[in-house]
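A look at the structure
The primary structure of each chain is shown beneath.
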Amino acid sequence: MTTIERVDIGDEETFGTFYDVYERSHERDIDHPYSAIEKRVGLRPDGYVDKIALLARDDDGTPVAGGTVELPLRDNTDFVYVDAFTVPEHRRRGHAGAVIEAIEEIARDAGRQALYTEVVWELVAVDPVPQAFAEACGFRLDIMDAIRELALPAELPPLRVAEGYTIHSWRDVCPDEWVQGYTELRRLLMEEAPRGDVELENEFWDVARTREEEQMWVEQGRTPQVSIAVSDDGEVVGHTQLVFSAGRESVFQWDTLVLPTHRGHGLGLALKVTTMQKAADLLQGRRRIITYNAAGNEPMIRVNAALGFVQTAWCAEYVKEL
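Computed from a prediction, not measured in an experiment: that's the story for all the values here.

**Topic: the overall build of the protein chain**
- Scanning the protein chain for helices and strands turns up nine helices and 12 strands.
- Rg of the C-alpha trace for the protein chain: 20 Å, near the compact-globule value of 20 Å for 322 residues, within the 12% margin.
- Considered along the principal axes of its C-alpha atoms, the protein chain spans approximately 65 × 40 × 40 Å.
- Within the span of the protein chain, comprising 322 residues, buried residues form 52% of the whole.

In structure tokens, the structure reads:
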């Protein structure tokens, strides 16, 4: 029998046990587990998302599995974003399934209608176990994402910025003059990115949330290098984020977006090249840059190919209606 307990992230011993299970469960080269401080700060509830961590033990009381629950408070309030994981030597014994059942109970108690999760597997995997597990738990595929990596050091293509636009870049904190436009792009990402059948709303973003995220990154030991594209009339029309974690050999290329009316000018590539140039000192000694794209997002795939990214894994987004 599997027993499930909620984790008090403020308790050093309890969180340490949870993190040990989390880290050991993400043993593949494609998993990229967060550091303990990243995970702990990231699990802290805020005014935008309620967050719960779960720890599973077997009959002997041994910690064997875990999970996380995120309940949006200002958007997508029918959904719960979930994750479940098991340490390798205790897999195929029903522990992760028990975690999912516990998460479903939490979701129902909160009045949510669906669970949303991501599962990842190697590019060469045949009949991948994570996909089979999700489907056995009643999840259905919503959309496929491709995970791509750029090996470092990398030779960048020439920087070309289309006439009528300028690129601005910063590290750590967005300048006040750009924060409103940058925040608006963050708000629009869900609407503008390719998506599946599930009707997810745009996330709620305001300037206060942008500033709160920047402070959270400081506490997590992360350093962001962000670039925006600005049109001649002063509108912020595109952005990208390159996020560095202390002591990590991998770098993440997170949100990238160019507004539809400004596409076709090479801004996506210009944003990424600029960001890598500005972050040259942070890239020293790093192994790779990792990015996720919807499998059908051909324009962004072309941008990444021009930079030298190659696909290394799949990420499937799954949903389960309750």
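Once you've had a look at it, read on.
**Quick word on the pattern of salt bridges**
- Applying the stated rule across the entire model yields 25 salt bridges.
- One salt bridge in this structure joins Glu27 and Arg91, with 3.1 Å as the shortest N-O distance. With Glu27 in the loop between α1 (12-25) and α2 (36-42) and Arg91 in the loop between β4 (79-86) and α3 (95-109), this pair connects stretches of sequence that are 64 residues apart.
- By relative accessible area, which is 42% here, Glu27 ends up partly exposed.

**A closer look at the side chain of Gln241**
- With respect to the helices and strands, Gln241 occurs in strand β9 (residues 236-245).
- Exposure remark for Gln241: the relative accessible area of 1% places this residue in the buried category.
- With residues up to four places along the chain from it excluded, the contact list for Gln241 reads Tyr182, Arg186, Glu213, Trp217, Gln225, Val226, Phe252, Gln253, Trp254 and Asp255.

**Details of the pairing of strand β2 (residues 49-57)**
- Most of β2 is tucked away: seven of the nine residues are buried.
- As paired elements, strand β1 (residues 3-6) and β2 share four bridges and run antiparallel to each other. If you follow Ile4 over to β2, its bridge partner there is Ala56.
- In the sheet, β2 pairs with strand β3 (residues 63-72) via nine bridges, with the strands oriented antiparallel. Bridged to Leu54 within β3 is Gly67.
- Hairpin connection between β2 and β3: a loop of five residues separates the two successive antiparallel strands, and Gly61 in this loop has a positive phi of roughly 85°.

**What to know about empty space enclosed by the protein**
- This structure, assessed with the given rule, holds one cavity of 30 Å³ or more.
- Here the largest cavity defines a volume of roughly 40 Å³.
- When residues in the lining of the largest cavity are grouped by element, the largest group, four residues, is from helix α6 (residues 207-220).
- Partitioning the lining of the largest cavity into residue classes produces five nonpolar, one polar and three charged.

**Some thoughts on the packing of aromatic side chains**
- Tallied over the entire structure, the rule returns 11 aromatic pairs.
- Geometrically, the ring pair formed by Phe252 and Trp254 is tilted, given 6.2 Å between the ring centres and 35° between the ring planes.
- The class of Phe252 is buried, set by a relative accessible area of 9%.
- Here the aromatic cluster, defined as three or more aromatic residues joined through ring pairs, consists of Phe15, Phe18, Tyr19, Tyr22 and Phe85.
- When the ring centre of Phe204 is taken as reference, the NZ or CZ atom of Arg74 above it lies at 4.0 Å.
- The ring of Trp205 has Arg186 sitting right over it, with the charged end atom 4.2 Å from the ring centre.

**Examining the nonpolar core**
- Residues Leu54, Val69, Val80, Ile103, Leu115 and Phe139 are the most contacted members of the largest nonpolar core, which totals 23 residues.
- Listing elements by their share of this core, those giving two or more residues are β2, β3, β4, α3, β5 (114-122) and β12 (310-321).
- With residues up to four places along the chain from it excluded, the contact list for Phe139 reads Val82, Ile100, Leu115, Thr117, Ala134, Tyr318, Val319 and Lys320.
- Counting residues in hydrophobic clusters, the runner-up holds 22 residues, among them Tyr165, Ala229, Leu259 and Ala270.

**Topic: the sheet that holds strand β7 (residues 165-171)**
- Pairing in this open sheet of 12 strands is mixed, and the strands run β1-β2-β3-β4-β5-β12-β6-β11-β10-β9-β8-β7 from one edge to the other. On the outer flanks of this sheet lie β1 and β7, each paired with one strand and no other. For this sheet, the mean angle separating the axes of adjacent strands, direction not counted, is 25°.
- Strand direction decides the pairing type here: strand β6 (residues 140-151) and strand β11 (residues 288-294), joined by seven bridges, are antiparallel. Looking at the pairing, Glu149 lines up with Ile290 of β11.
- Contacts between α1 and the sheet are confined to β2, β3 and β4, with β3 contributing the most and set at about 95° to the helix.
- Where helix α5 (residues 176-192) meets the sheet, its contacts fall on β7, β8 (222-231), β9 and β10 (250-258), and the angle it forms with β9 comes to roughly 85°.

What counts, and where the lines are drawn
Sequence order as written defines residue numbering, which begins from 1 separately in each chain. Predicted model: local features are reported for residues with pLDDT of at least 70 only, side-chain atom pairs are reported and counted for 80 or more only, and whole-chain, interface and lining totals are derived from all residues. Computation of side-chain values: all heavy atoms of the structure, hydrogens and water removed. Secondary structure elements follow DSSP: runs of H or I no shorter than four residues count as helices, runs of E no shorter than two count as strands, and numbering proceeds from the N terminus. We take the radius of gyration over the C-alpha atoms and set the globule estimate at 2.2 Å times the residue count to the 0.38 power. Remark: exposure states derive from per-residue accessible area (1.4 Å probe, protein chains only) relative to the maximum for the residue type, with buried under 20%, exposed over 50%, and partly exposed in between. Between Lys or Arg on one side and Asp or Glu on the other, a salt bridge is scored when a side-chain nitrogen of the former is within 4 Å of a carboxyl oxygen of the latter. Contacts were defined at the residue level, with two residues in contact if any of their heavy atoms lie within 4.5 Å. We call two strands paired when DSSP finds no fewer than two bridges between them. Buried and open spaces are told apart on a 1 Å grid over the protein atoms alone, a cavity being a set of points where a 1.4 Å probe fits but cannot get out and a pocket being an open set with protein on both sides within 12 Å along at least five of seven lines. Residues with an atom within 4 Å of a point are the lining residues. Grid points are joined across faces, edges and corners, and a volume is the space filled by probe spheres set on the points. Under the scheme applied, nonpolar residues are Ala, Val, Leu, Ile, Met, Phe, Trp, Tyr, Cys and Pro; charged residues are Asp, Glu, Lys and Arg; polar residues are all the others, including Gly. Only the six-membered ring of Trp is used, alongside the rings of Phe and Tyr, when aromatic pairs are assigned; centres must lie within 6.5 Å, and planes under 30 degrees apart are stacked while those over 60 apart are edge-to-face, with the rest tilted. Over a ring means this: the NZ of a Lys or the CZ of an Arg is within 6 Å of the ring centre and within 35 degrees of the ring normal. Joining through side-chain atoms within 4.5 Å is the link that ties buried Ala, Val, Leu, Ile, Met, Phe, Trp, Tyr and Cys residues into a set, and such a set is a nonpolar core. Axis definition: a line fit to C-alpha positions, over the contact stretch in the case of helices; interaxial angles, taken between N-to-C directions, run 0 to 180 degrees.

Remember, this is a structural readout, not a statement about activity or role.
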